[in-house]
Amino acid sequence: MMSACGAPPFEVPSKWIQEQESLKRRLVLEDDFTWTISSPEGLSSPSSGLCGGHKLRYVGGVDLSFSKDDPSVACGALVVVDLESLAVVHADFSLVQLHIPYVPGFLAFREAPVFLELLEKMKQDSHPFYPQLLMVDGNGLLHPRGFGLACHLGVLSNLPTVGIGKNLHHVDGLTQSGVRQLLQAQENCTKDVITLIGNSGRIWGAAMRSTEGSLKPLFISTGHRILLNSAIKVVKMCCKYHVPEPIRQADIRSRAYLRKHSGMGNPIRTMHLL
DNA sequence: GCGACAG
DNA sequence: ATCTTGTCGC
């Protein structure tokens, strides 16, 4: 029999599921921060930036880019943008070799260690631009077990996090085409954001067209210490283009860093597992 | 059994 | 994620 399917089998460690369940108990599903989110556009919210509280200013973004030559070689990027100007005020990179494969539903075990290390470096340096909130390239609650990369990073870093997906991870009956239909429907023509409600009635996140005629929406979901509505506000404020600036810059810069440092003779640091 | 499956 | 050129437009 010809059964030489090239795909190497990979068993999901039960440890992974246990850890997701365990960390999930530490999730905070409400706005848990002292700063305020200045209103998106024209819409003035009464409590925004009035009494004594400081504003959200430094928004972080993380992303990972891979070498086309060696898929195990990647560059993780942590950038921080100033919310007022959307200018990058900090960028750091980590060239690593990954030993854990990408498994749908377990993205965090592959990518989170890289980002946690970059965050830790900033924290130990008492960096003035340490992010107040982190935008993650991947989902939060919009996940088979309600605990995607954004939740995982949020709990382990104790930072408010927002998950941004560019493709929908099908869950609870939600489908890409179904969501697009809703966004195109006449009733919703005026709206640029729709809530993602699954067959069970549960709210998983939101789909938003960040650019005028974009057919592909962004999938926003809560990571940690922030409400969906607050997350949507922040994402809107960050969208200069289709993809919010913190993540877009992390993507662009990690790719550039990889190109420049992927030539031979460069020390690739191996991540030590937790 | 078959398809779906963030990055 | 990555493989990929030109093209249309400000």
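That block above? That's the structure.
Read on for an overview of the structure. What you see is a predicted model; the values in this text were computed from it and never measured. (Residues numbered from 1 in each chain as written. Chains lettered and ligands numbered in written order. Predicted model: local features only at pLDDT ≥ 70, side-chain atom pairs only at ≥ 80, totals over all residues. Heavy atoms only, no water.)

Observations concerning the pattern of salt bridges
Working step 1: Applying the stated criterion across every chain, the model contains seven salt bridges.
Working step 2: Here Asp192 makes a salt bridge to Lys236, at a shortest N to O gap of 3.9 Å. Residue Asp192 is located in the loop between helix H4 (176-184) and strand S6 (193-197), and its partner Lys236 is located in helix H5 (residues 228-238); the two are separated by 44 residues in the primary sequence.
Working step 3: Judged by its relative accessible area of 36%, Lys236 falls in the partly exposed class. (Salt bridge = Lys/Arg side-chain N within 4 Å of Asp/Glu carboxyl O. Helix = DSSP H or I, 4+ residues; strand = E, 2+ residues; numbered from the N terminus. Buried < 20%, exposed > 50% of the residue type's maximum accessible area, 1.4 Å probe, protein only.)

Overview of the protein's contact with DNA strand C
Working step 1: Lining the immediate surroundings of DNA strand C are Ser65, Phe66, Lys68, Lys166 and Arg255.
Working step 2: The protein-proximal atoms of DNA strand C, defined as those within 4 Å of the protein, are 100% sugar or phosphate.
Working step 3: Residue composition of the surface near DNA strand C, by class: one nonpolar, one polar and three charged. (Near = heavy atom within 4 Å. Nonpolar A, V, L, I, M, F, W, Y, C, P; charged D, E, K, R; others polar.)

Considering the protein's contact with DNA strand B
Working step 1: For DNA strand B, the set of nearby residues contains 17 residues, the closest of which are Tyr102, Asn139, Leu149, Lys166 and Asn167.
Working step 2: In DNA strand B, the atoms that sit within 4 Å of the protein are 51% sugar and phosphate, with bases accounting for the remainder.
Working step 3: Gly105 is positioned with one of its backbone polar atoms (N or O) 3.0 Å from a base nitrogen of DNA strand B.
Working step 4: In the environment of DNA strand B, a phosphate oxygen lies 2.8 Å from a nitrogen or oxygen atom belonging to the backbone of Lys166. (Polar contact = N/O pair within 3.5 Å; in protein donor to acceptor, adjacent residues only side chain to side chain.)

Some points on the layout of surface pockets
Working step 1: In this structure, the largest pocket spans a volume of roughly 510 Å³.
Working step 2: Looking at the largest pocket, it is lined by 27 residues, and the ones nearest its centre are Tyr102, Leu107, Asp137, Gly138 and Asn139.
Working step 3: Among the secondary structure elements, those contributing two or more residues to the lining of the largest pocket are strand S1 (58-66), helix H2 (107-124), helix H3 (149-157) and strand S5 (161-165).
Working step 4: The class makeup of the residues in the lining of the largest pocket is 12 nonpolar, 10 polar and five charged. (1 Å grid on protein atoms, 1.4 Å probe; cavity = no way out; pocket = protein on both sides within 12 Å on 5 of 7 lines; lining within 4 Å. Points joined across faces, edges and corners; volume = space filled by probe spheres on them.)

As for the nonpolar core
Working step 1: Counting 28 residues, the largest nonpolar core has Leu133, Ile220 and Val235 as the members making the most contacts within it.
Working step 2: Those residues in contact with Leu133 that lie beyond four places of it in its chain are Trp35, Leu56, Tyr58, Val59, Gly60, Pro160, Val162, Ile226 and Val234. (Core = buried A, V, L, I, M, F, W, Y, C linked by side-chain atoms within 4.5 Å. Contact = heavy atoms within 4.5 Å.)

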